[in-house]
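# Fold and geometry: a report
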Amino acid sequence: MPVIAYREALNQAMTEEMERDDRVFLMGEEVAEYDGAYKVSQGLLAKFGPRRVIDTPISESGFAGIGIGAAMVGLRPIVEFMTFSFSLVAIDQIVNNAANMRYMSGGQFTIPIVFRGSSGMAGALAATHSHRLEAWYAQIPGLTVVLPSTPADAKGLLKAAIRSDDPVVFIENEVLYADKGEVPEGDHLVPIGKADIKRTGSDVTLITYSRSLHPTLAAADRLAADEGIEAEVVDLRTIRPLDLDTILASVVKTHRAVIVEEDWPYCGVGAGVSDRIYRAVFDELDAPIARVAAKDAPIPYSRALESTMLPSADRVIAAVKEVLYRG
């Protein structure tokens, strides 16, 4: 399999789906003439033309609403937000309209739309450009929320999202765009709502997603080499719907769990996952569930301070030792 960057995998997914289905189009700020703020849409304007790759004004609410209307009449738009922090301007369109239209129309309308773009702490972007909003959107019935962590998953999940008849919030961590990995060629699809075990183990389950997968895997490797602790790493990939079966099967095997996420801890995704584990398999746990999340504060501009906010391999290792009572 060829090794390509995460951004190139996303580009391949959009290219292949636009070739396969002429109802698919891309719109957003700087997606056309500039080839995308992060070069994810590079070459698409030259290939598909300005009717299918559309630069928009700086008006997220406006072009999100246009995308929803286009989806209602049979097109399949991909709406790019330059950063998901800017999606807050369009939250009325996403939450009130996209999420509810199928239900409120009694199924007369489907909303096959993908809202995608960058997210997360990416280095000195400060508080207003560093939001992680997945827990906000995952709370809303009617939305699917996807956060791929590898190039292969990015391609396969984006293709699946574009084919979905329901609105998908597809969140790409900005720091991952240059990461490289093997990506299958051709019509590579990854099912929405299915977690992936990225590393097998028997001593503790590490549950994570998006960028946090990488320090989690690093921690698992160090635990094995230095402590003889074999951690199983579960990459959620989709947080709504949640693959509870895979999570519970792993926890039942290891009897311990640590949840790792870049989001804030209060009312975050990890809190919801933890609740579901406790309700389903409480008697299988040999220790309380531990959580490693971002520090509960606005994101500072300073790179040095920002780095202390993020989940790290060291913090994951400390949490694992806690649940194994090796503190």
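Throughout what follows, the structure given in this document is the object of discussion. (Residues numbered from 1 in each chain as written. Predicted model: local features only at pLDDT ≥ 70, side-chain atom pairs only at ≥ 80, totals over all residues. Heavy atoms only, no water.)

### A look at the overall build of the protein chain
Threshold: Numbering of helices and strands runs from the N terminus; a helix is a DSSP stretch of H or I covering at least four residues, while a strand is a stretch of E covering at least two. To sort residues, take the accessible area from a 1.4 Å probe on protein chains only and compare it with the maximum for the residue type: under 20% means buried, over 50% means exposed, and anything in between is partly exposed. Using a 1.4 Å probe, accessible areas were evaluated by the Shrake-Rupley method; residue-level cover was limited to the displayed protein chains. Counted as positive: Lys and Arg. Counted as negative: Asp and Glu, with His and the chain ends omitted from the count. Where a charge lies is defined by one atom per residue type, namely NZ (Lys), CZ (Arg), CG (Asp) and CD (Glu).
Along the protein chain, the regular secondary structure elements total 12 helices and 14 strands. Oriented by its inertia axes, the alpha-carbon framework of the protein chain measures out at about 60 × 45 × 40 Å. Taking all 327 residues of the protein chain together, 55% fall into the buried category. Just so you have it, the protein chain exposes about 13400 Å², and 53% of that area is on carbon and sulfur atoms. Positive and negative side-chain charges in the protein chain, numbering 32 and 45 respectively, have mean positions lying 1 Å apart.

### Side note on helix α3 (residues 60–72)
Operational definition: Expected helix span is given by 1.5 Å per residue-to-residue step, counting one fewer step than there are residues. The directions considered for the arc are those from the helix axis to the C-beta atoms. Should any heavy atoms of two residues lie within 4.5 Å, those residues are considered in contact.
With 13 residues, α3 should reach 18 Å at 1.5 Å per residue; the first-to-last C-alpha distance of 18 Å fits that figure. Within α3, the full set of buried residues consists of E60, F63, A64, G67, I68, A70 and A71. The arc that holds every buried residue of α3, seen down its axis, measures 160°, which confines them to one face. Buried residues along α3 sit in contact with β2 (24–28), β4 (76–81), α4 (91–98) and β5 (114–119). Phi for G74, located one or two positions after α3, is positive at around 110°.

### What to know about the pattern of salt bridges
The following threshold applies: Whenever Lys or Arg places a side-chain nitrogen within 4 Å of a carboxyl oxygen from Asp or Glu, that contact is recorded as a salt bridge.
Scanning the model with the defined rule gives 27 salt bridges in all. A salt bridge links E17 to R163; its shortest N-O distance comes to 2.9 Å. With a gap of 146 residues between them, E17 in helix α1 (residues 6–20) and R163 in helix α7 (residues 151–163) connect regions that are remote in the sequence. According to the relative accessible area criterion, E17 is buried, its value standing at 0%. Classification of R163 as partly exposed rests on a relative accessible area of 26%. Where K198 meets D235, a salt bridge forms, and the shortest distance between an N and an O atom there is 3.0 Å. A residue pair is termed long-range when its members are at least 10 positions apart, and K198 in strand β9 (residues 196–199) and D235 in strand β11 (residues 231–235) qualify at 37 residues. On the basis of relative accessibility, which here comes to 0%, the residue D235 falls in the buried class. Several salt bridges share partner residues, and in doing so they unite E16, E17, R20, K155, K159, R163 and D187 into one network.

### Section: the packing of aromatic side chains
Heads up, the rule is: Classification of ring pairs rests on two measures: the distance between centres of Phe, Tyr or Trp rings, Trp counted by its six-membered ring, which must be within 6.5 Å, and the angle between planes, read as stacked under 30 degrees, edge-to-face over 60 and tilted in between. The rule for a charge over a ring is simple: NZ of Lys or CZ of Arg within 6 Å of the ring centre, and within 35 degrees of the ring normal.
Evaluated as defined, the whole model comprises 7 aromatic pairs. A ring pair is formed by F63 and F81, whose centres lie 6.1 Å apart and whose planes are at 35°; its orientation type is tilted. Of this pair, F63 sits in helix α3 while F81 sits in strand β4, and the two are 18 residues apart along the sequence. An identical accessibility class is assigned to F63 and F81; each is buried. In this arrangement the basic side chain of K47 is found over the ring face of F48, its NZ or CZ atom lying 5.9 Å from the centre.

### A short note on the pairing of strand β13 (residues 257–260)
Note the threshold: Each pair of strands is called paired provided DSSP finds at least two bridges between the two strands. Orient the strands so they point away from the viewer; a crossover is then right-handed if the path from the first strand over the helix to the second runs clockwise.
Here β13 shows two buried faces, one formed by A257 and I259 and the other by V258 and V260. Here 3 bridges tie strand β10 (residues 204–208) to β13, and the two strands are oriented parallel to one another. Each residue of the ladder has a partner; that of L206, found in β13, is V258. What joins β13 to strand β14 (residues 290–292) is helix α10 (residues 269–281), and the crossover it makes is right-handed.

### Points about the environment of A257
As for its placement among the helices and strands, A257 is situated in strand β13. A relative accessible area of 0% means that A257 is categorised as buried. Once the C-alpha coordinates of A257 and L310 are considered, the two residues, 53 residues apart in sequence, prove to be 19 Å apart. Ignoring any residue separated from it by four or fewer positions in sequence, one finds A257 in contact with V204, T205, I207, V251, P288, I289, A290 and V323.

### Points about the nonpolar core
What counts is decided by this rule: Take the buried Ala, Val, Leu, Ile, Met, Phe, Trp, Tyr and Cys residues and link them wherever side-chain atoms come within 4.5 Å; each set so joined is a nonpolar core.
With 42 residues, the main nonpolar core has F81, F115 and I277 as its most contacted residues. Looking at this core, the element that brings in the most residues is α3, giving 5 residues. In contact with F81, other than residues within four places in its own chain, are E60, F63, A64, S87, A90, I94, F115, R116, G117 and S118. One finds L10, V40, I78 and V168 within the second-largest nonpolar core, a separate group that totals 27 residues.

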